[in-house]
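Examining the three-dimensional arrangement
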Amino acid sequence: MIFEILIYPGFVFLVLASMIYYGILRKVAARMQSRIGPPIWQPILDFIKLVGKEDLNPEQAKAGFTFWPFIAITSVLIAGLLTPIAGIVPLSFTGDIVVLIYFLAFGSLAVYLSGFSSSNPYGVVGSMRGLIQMIGYEFPFIVSILVPVVAAGILSPFLINTLQVHYGWFGFTFPFAAIAYFVSILAKVEVPPFHTPGAHQEIVSGYSTEYTGTRLAMIELAHMIKLFVLISLGIALFFGGSADILMFIVKSLVLLFIITLARVLVARFRIDQILKFTWFFGFVALIDLVRVVLIL
Amino acid sequence: MKEEKKMEKVKEERVTYSLPIGPQHPMYVEAENLNVYLDGETIVDVDINVGYLHRGIEELMQRRNYLQNIYLSERICGICSGIHSMTYCQCIENLLDVNIPERAKYIRTMVLELERLHSHFLFLGVVGYEIGMDTAFMYAWKDREFSMDMLEQVSGNRVNYAMPTVGGVRRDVPNHIIPSMLKKLNHLEKRTEYYRKVFLRDRTIIARTRGLGILPKKDVERFSIVGPVARASGLKIDVRRDTPYLKYDDLDWKVIVEKAEDSQSRVMVKVLEIFQSIKILRQCLKKLPSLDREIKTKVPLVIPKAEAIAITEAPRGELVYYAMSNGTDRPERMRIRTPSFVNIIYSLPIILKEQQLADLPAIVASIDPCFSCTDRMTLIDTKSGEKKTVDETYLKKLGERRLK
């Protein structure tokens with residue numbers, strides 16, 4: 001239990017794996033853009049560098065400036081512990097998928113609140129966009145998660161995972177929900193076309209404009225872990241589950257590759273376009289939810 | 001009148017906050033300040049402050065002789081360096097009333113069109129970057145390397161080509177590089193066809209460019225906006241066609257005009273102009289081997305009192321040089337009017353009004369602003385608000401202070 005929480009697939013594994021996955025994403029994207037790209041361990045080096053840098057506190061910043069990044073990383077780490085990775089869930093109890101949804105949402109919310117508390121106009125605009133984007137993507141996210149939950153009649157992602165390993169993929173049974181889930185992954189981790197809250201060309205770095213040092217490292221790390229957790233949750237809920245580490249790695253790399261494709265291929269949406277786009281997929285996911293309810 | 005005032009008041013009330021964009025901002029490569037007044041995320045009004053890159057070049061030109069000024073004029077802009085030095089040389093040739101050899105004319109045309117290629121590819125990349133599509137940026141700039149390579153083949157340099165001199169060009173284009181240049185042109189034509197499809201059909205690009213940043217034709221005429229920006233609003237102006245210089249009237253090409261008046265049409269004008277440039281380049285390369293080897297006529301560099309003007313079409317529009325000589329080896333007065341100045345100052349407030357803040361970078365990029373040539377003429381001290389004249393002694397003092 002302690003080993004599972006702390007080492008594998010707990011904190012250490014989560015942090016390292018999500019960094020490496022992000023490195024792979026960057027490397028593959030670079031190769032697609034005909035660049036050489038950084039080595040896949042670059043996020044780890046970046047993290048170490050950032051932790052060693054000075055933490056600056058701007059005068060106009062509010063009190064939350066100091067702690068929101070840590071709350072963000074804590075909540076995504078807890079969400080990671082509730083997610084089945086390679087058939088193991090470090091923390092598991094009945095109804096944990098609800099808690100999982102909450103922690104994932106709170107991870108994003110804490111990041112945006114950190115932007116608000118920095119009192120920088122760019123940070124505030126970025127956070128505002130982030131919150132509007134949340135209104136957009138939480139709908140398809142929750143509806144698509146409800147589909148396998150209602151279908152299986154269980155609130156535990158671990159059990160849904162084992163169910164899929166034995167009885168086949170939910171992604172084939174409910175393709176609409178799987179697509180909507182995938183779109184909400186993109187929106188949640190701000191991969192193009194959803195990289196509006198931190199759009200460099202418009203609002204510098206968005207919510208993280210004022211951040212430096214360790215706290216910036218925390219925001220970045222929370223971002224990477226969120227990507228990893230959402231991929232593993234996707235495998236557990238839609239893409240056939242994972243009984244062993246090999247299966248998990250193969251499936252997650254395929255998902256990561258598709259996310260990289262999205263990152264490379266599309267331009268950035270405007271915030272109003274994001275709302276239309278994500279809500280459209282919310283209703284797409286609703287088709288499957290209605291199907292499930294009618295069948296049962 | 002009363003109603004107008006009322007409208008203004010309503011506008012002021014609408015403004016919830018203002019966002020400074022620049023002088024240091026990731027949107028720009030160069031330093032410039034846009035003060036954007038916002039109602040939520042909708043732009044109500046824009047204040048444009050230019051002048052952060054002023055270097056006092058006109059004044060400096062009057063203190064140097066005609067040969068030294070070639071090098072100075074080349075450094076006005078980093079992207080369109082060739083057109084500046086060529087227009088300068090053309091202006092001085094008009095002062096002297098000399099004709100340059102035929103071969104020099106072809107070589108100048110070639111370098112100018114190669115520069116237009118590289119400038120337009122740069123523009124495509126920048127537009128892609130501003131709408132958040134990094135891949136378009138990487139691709140366009142990779143292809144831009146081909147045009148830079150060609151410039152290097154011709155002149156030995158990639159940025160400041162140093163090709164023209166008063167009375168001709170400084171280097172000849174040898175025959176043996178022509179086949180490899182034609183090959184590169186073929187490659188670029190294929191790639192441009194690809195970009196034409198992408199910028200015309202890609203869903204996400206359309207969502208960020210089509211119907212945005214409308215610049216009506218009547219405003220174009222009213223503010224005499226120039227170059228591709230004017231052509232994208234349906235106005236058929238091009239100095240190369242209207243007052244032909246070099247060899248443009250002998251070559252077969254056409255002026256590109258788009259009617260949609262929006263960001264996308266401004267992009268499309270440039271994409272289609274790349275095809276025309278490639279066409280012009282092919283004709284030049286075909287003609288070059290049959291021409292006489294002479295590339296330069298001798299000219300006196302002490303010029304009697306006269307006035308002259310030279311107008312050319314830079315990649316961004318009409319470029320005007322005015323020179324006045326006084327019987328010495330230095331010009332009495334130089335005056336330069338760059339296309340970006342007109343395009344930035346007059347078109348930005350029109351096209352940005354009632355747009356979303358998120359569209360601002362893409363719209364600003366779509367007029368292809370080039371700040372370093374704009375700032376040659378305006379100087380505002382933003383800290384104290386007072387206006388100052390920067391002269392040589394002041395700049396020297398600054399330099400000395402830096403050295404200490």
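Residues numbered from 1 in each chain as written. Chains lettered and ligands numbered in written order. Predicted model: local features only at pLDDT ≥ 70, side-chain atom pairs only at ≥ 80, totals over all residues.

**Side note on the overall build of chain B**
Condition: Per the convention used, a helix needs a DSSP run of H or I reaching at least four residues, while a strand needs a run of E reaching at least two, with both numbered from the N terminus. Any pair of residues counts as being in contact when their C-beta atoms, constructed from backbone geometry, are within 7 Å of one another.
Along chain B, the regular secondary structure elements total 16 helices and eight strands. A separation of at least 24 residues holds for 71% of the contacts in chain B among residues at least 6 apart in sequence.

**Considering the overall build of chain A**
Spelled out, the test is: The globule rule used here is 2.2 Å times the number of residues to the 0.38 power, and the radius of gyration it is set against is calculated over C-alpha atoms. To assign burial, the other C-beta atoms lying within 10 Å of each residue's own C-beta are counted, with C-beta atoms placed from the backbone; 20 or more indicates buried, 12 or fewer indicates exposed, and intermediate counts indicate partly exposed.
Secondary structure summary: chain A contains 13 helices and zero strands in total. Its helices and strands in sequence order give chain A the pattern α-α-α-α-α-α-α-α-α-α-α-α-α, from N to C terminus. Its C-alpha radius of gyration of 18 Å places chain A within 12% of the 19 Å reference for a compact globule of 296 residues. Sorting the 296 residues of chain A into buried and exposed places 53% on the buried side. Here the contacts in chain A between residues at least 6 apart in sequence split such that 80% fall between residues at least 24 apart.

**As for the interface of chain B and chain A**
Put simply, the test is: Gly is put with the polar residues, along with every residue not named as nonpolar or charged; the nonpolar set is Ala, Val, Leu, Ile, Met, Phe, Trp, Tyr, Cys and Pro, and the charged set is Asp, Glu, Lys and Arg.
Contact residues are listed per partner, giving 23 residues for chain B and 22 residues for chain A. Of all elements in the fold, only helix 5 (102–130), helix 6 (134–155), helix 8 (203–209) and helix 14 (360–366) of chain B reach the threshold of two or more residues within the side of chain B that touches chain A. Grouping the constituent residues of the side of chain B that touches chain A by class yields 13 nonpolar, five polar and five charged.

**A look at the pairing of strand 2 (residues 33–39) of chain B**
Regular strands show a simple pattern: their side chains alternate between the two faces of the sheet. Residues and elements named next belong to chain B. Applicable threshold: Pairs of strands are assigned from DSSP output, requiring at least two bridges between the strands.
Bridge analysis of strand 1 (residues 17–21) against strand 2 gives five bridges, and the strand direction is antiparallel. Residue pairing for strand 2: Ser18 is matched across the bridge by Tyr37. With seven bridges joining them, strand 2 and strand 3 (residues 42–49) adopt antiparallel strand pairing. In the sheet register, Asn35 faces strand 3, and the bridge partner there is Asp47. In sequence, strand 2 turns back onto strand 3 through a hairpin of two residues, with Gly40 there showing a positive phi of about 65°.

**Side note on the sheet that holds strand 1 of chain B**
Residue and element names in this part refer to chain B. The condition is simple: Orientation is described by lines fitted to C-alpha atoms, with helices fitted over the stretch in contact, and by angles between N-to-C directions that extend from 0 to 180 degrees.
Pairing is antiparallel in the open sheet, where three strands are placed in the order 1-2-3. Of all the strands in the sheet, just strand 1 and strand 3 have a single pairing partner and so form its edges. The average undirected angle you get between the axes of adjacent strands in this sheet is 25°.

**Notes on the nonpolar core**
All names here are of chain A. The criterion, for reference: Nonpolar cores are built from buried Ala, Val, Leu, Ile, Met, Phe, Trp, Tyr and Cys residues. These are joined into a set through C-beta atoms within 7 Å.
In terms of nonpolar packing, the biggest core is built from 197 residues, with Ala72, Ala222, Ile225 and Phe228 touching the most fellow members. Here this core gets 17 residues from one element, more than from any other, and that element is helix 11 (residues 213–237). Leaving out residues up to four positions away in the same chain, Ala72 has contacts with Gly107, Ala110, Val111, Ser114, Met218, Ile219 and Ala222.

**A word on the packing of helix 5 of chain B against helix 6 of chain B**
Residues and elements named next belong to chain B. So the rule is basically this: We call two directions roughly parallel when the angle between them is under 35 degrees, roughly antiparallel when it is over 145, roughly perpendicular when it lies between 65 and 115, and oblique otherwise. Throughout, a crossing is termed right-handed when the near helix is turned clockwise from the far one, and left-handed when it is turned anticlockwise from it by less than a right angle.
Contact geometry for helix 5 and helix 6: axes closest at 7 Å, N-to-C directions at 165°. In terms of orientation, helix 5 and helix 6 fall into the roughly antiparallel class. Crossing geometry of helix 5 relative to helix 6 is assigned as left-handed.

**Notes on helix 13 (residues 339–352) of chain B**
Residue and element names in this part refer to chain B. Rule in force here: A helix is expected to reach a length of 1.5 Å times the quantity of its residues less one. Note that the bend at a residue is defined as the angle between axes fitted to the seven residues ending at it and the seven residues starting at it.
Its 14 residues place the ends of helix 13 19 Å apart at the C-alpha level, agreeing with the 20 Å of an ideal helix rising 1.5 Å per residue. Of all the bends in helix 13, the greatest reaches close to 35° and is centred on Tyr346; the proline Pro349 follows between one and four positions later. Buried residues dominate helix 13, accounting for ten of its 14 residues. Within helix 13, burial applies to Pro339, Ser340, Phe341, Val342, Asn343, Ile344, Ser347, Leu348, Ile351 and Leu352.

**A word on the sheet that holds strand 8 (residues 331–337) of chain B**
Residue and element names in this part refer to chain B. Spatially, 6-7-8 is the arrangement adopted by the three strands of the open sheet, whose pairing is antiparallel. The two strands at the open ends of the sheet, each matched to only one other strand, are strand 6 (306–314) and strand 8. Looking at each pair of strands side by side, their axes are set apart by 15° on average, direction ignored. Sheet topology note: the strand 6/strand 7 (residues 317–325) ladder contains nine bridges and is antiparallel. Each bridged residue has a counterpart across the sheet, and for Ala308 the counterpart in strand 7 is Ala323.

**Considering the environment of Lys62(A)**
Relative to the helices and strands, Lys62(A) resides in the loop between helix 3 (42–51) and helix 4 (68–81). Apart from residues lying up to four places away in sequence, Lys62(A) is in contact with Ser117(A) and Ser119(A).

**Points about unusual backbone geometry**
Glycine aside, a negative phi is what most residues show, and trans is what most peptide bonds show. A cis amide bond, omega 5°, links Pro192(A) with the succeeding residue Pro193(A). With phi around 40°, Ser224(B) is a residue other than glycine that occupies positive phi space. Checked against the element boundaries, Ser224(B) lands in the loop between helix 9 (217–222) and helix 10 (227–232). Judged by the 12 C-beta atoms lying within 10 Å of it, Ser224(B) is exposed. A positive phi angle, near 45°, is found at Leu246(B), a position not held by glycine. Along the polypeptide, Leu246(B) turns up in the loop between helix 11 (239–242) and helix 12 (263–287). Take Leu246(B): there are 21 C-beta atoms within 10 Å of it, and that puts it in the buried class.

**With respect to helix 12 (residues 245–265) of chain A**
Residue and element names in this part refer to chain A. As a reminder, the rule being used: Starting at the helix axis, one direction is taken to each C-beta atom, and the arc is that of these directions.
The end-to-end C-alpha distance of helix 12, which contains 21 residues, comes to 30 Å, matching closely the 30 Å that a straight helix rising 1.5 Å per residue would cover. If you check which residues of helix 12 are buried, you get Phe248, Ser252, Leu255, Ile259, Thr260 and Arg263. In an axial view of helix 12, the angular spread of the buried residues amounts to 150°, which keeps them on one side of the axis. Residues Leu246, Val250 and Phe257 are exposed on helix 12 and point more than 90 degrees away from its buried face.

**Quick notes on the packing of helix 6 (residues 121–152) of chain A against helix 13 (residues 271–295) of chain A**
All names here are of chain A. Interhelical geometry of helix 6 versus helix 13 gives an angle of 15° and a closest axis separation of 9 Å. The orientation of helix 6 with respect to helix 13, classified from their angle, is roughly parallel. Along this stretch, helix 6 crosses helix 13, giving a crossing that reads as left-handed. When the residues that make up the contact of helix 6 with helix 13 are grouped by side-chain class, the tally is 20 nonpolar, five polar and two charged.

**Quick look at the environment of Ala180(A)**
All names here are of chain A. By the secondary structure assignment, Ala180 is in helix 9 (residues 175–188). Remark: the alpha-carbon pair of Ala180 and Phe281, spanning 101 residues in sequence, is separated by 5.2 Å. Apart from residues no more than four positions distant in its own chain, Ala180 is found in contact with Pro140, Val143, Ser144, Phe281, Gly282, Val284 and Ala285.

**Some points on the environment of His118(B)**
Residue and element names in this part refer to chain B. The residue His118 is located in helix 5 in this model. Taking the number of C-beta atoms within 10 Å as the measure of exposure, His118 has 27 and is therefore buried. Placed 91 residues apart in sequence, His118 and Met27 show a C-alpha to C-alpha distance of 20 Å. Ignoring sequence-local partners within four residues, the contact set of His118 consists of Arg144, Ser147, Met148 and Leu151.

**Details of the confidence of the model for chain B**
Cut-off, in case you're wondering: Each residue carries a pLDDT score, the predictor's own confidence in it, on a scale running from 0 to 100.
Residues at a pLDDT of 70 or more form 88% of chain B, whose mean pLDDT is 83. In the model output, the complex is listed with pTM 0.84 alongside ipTM 0.81.

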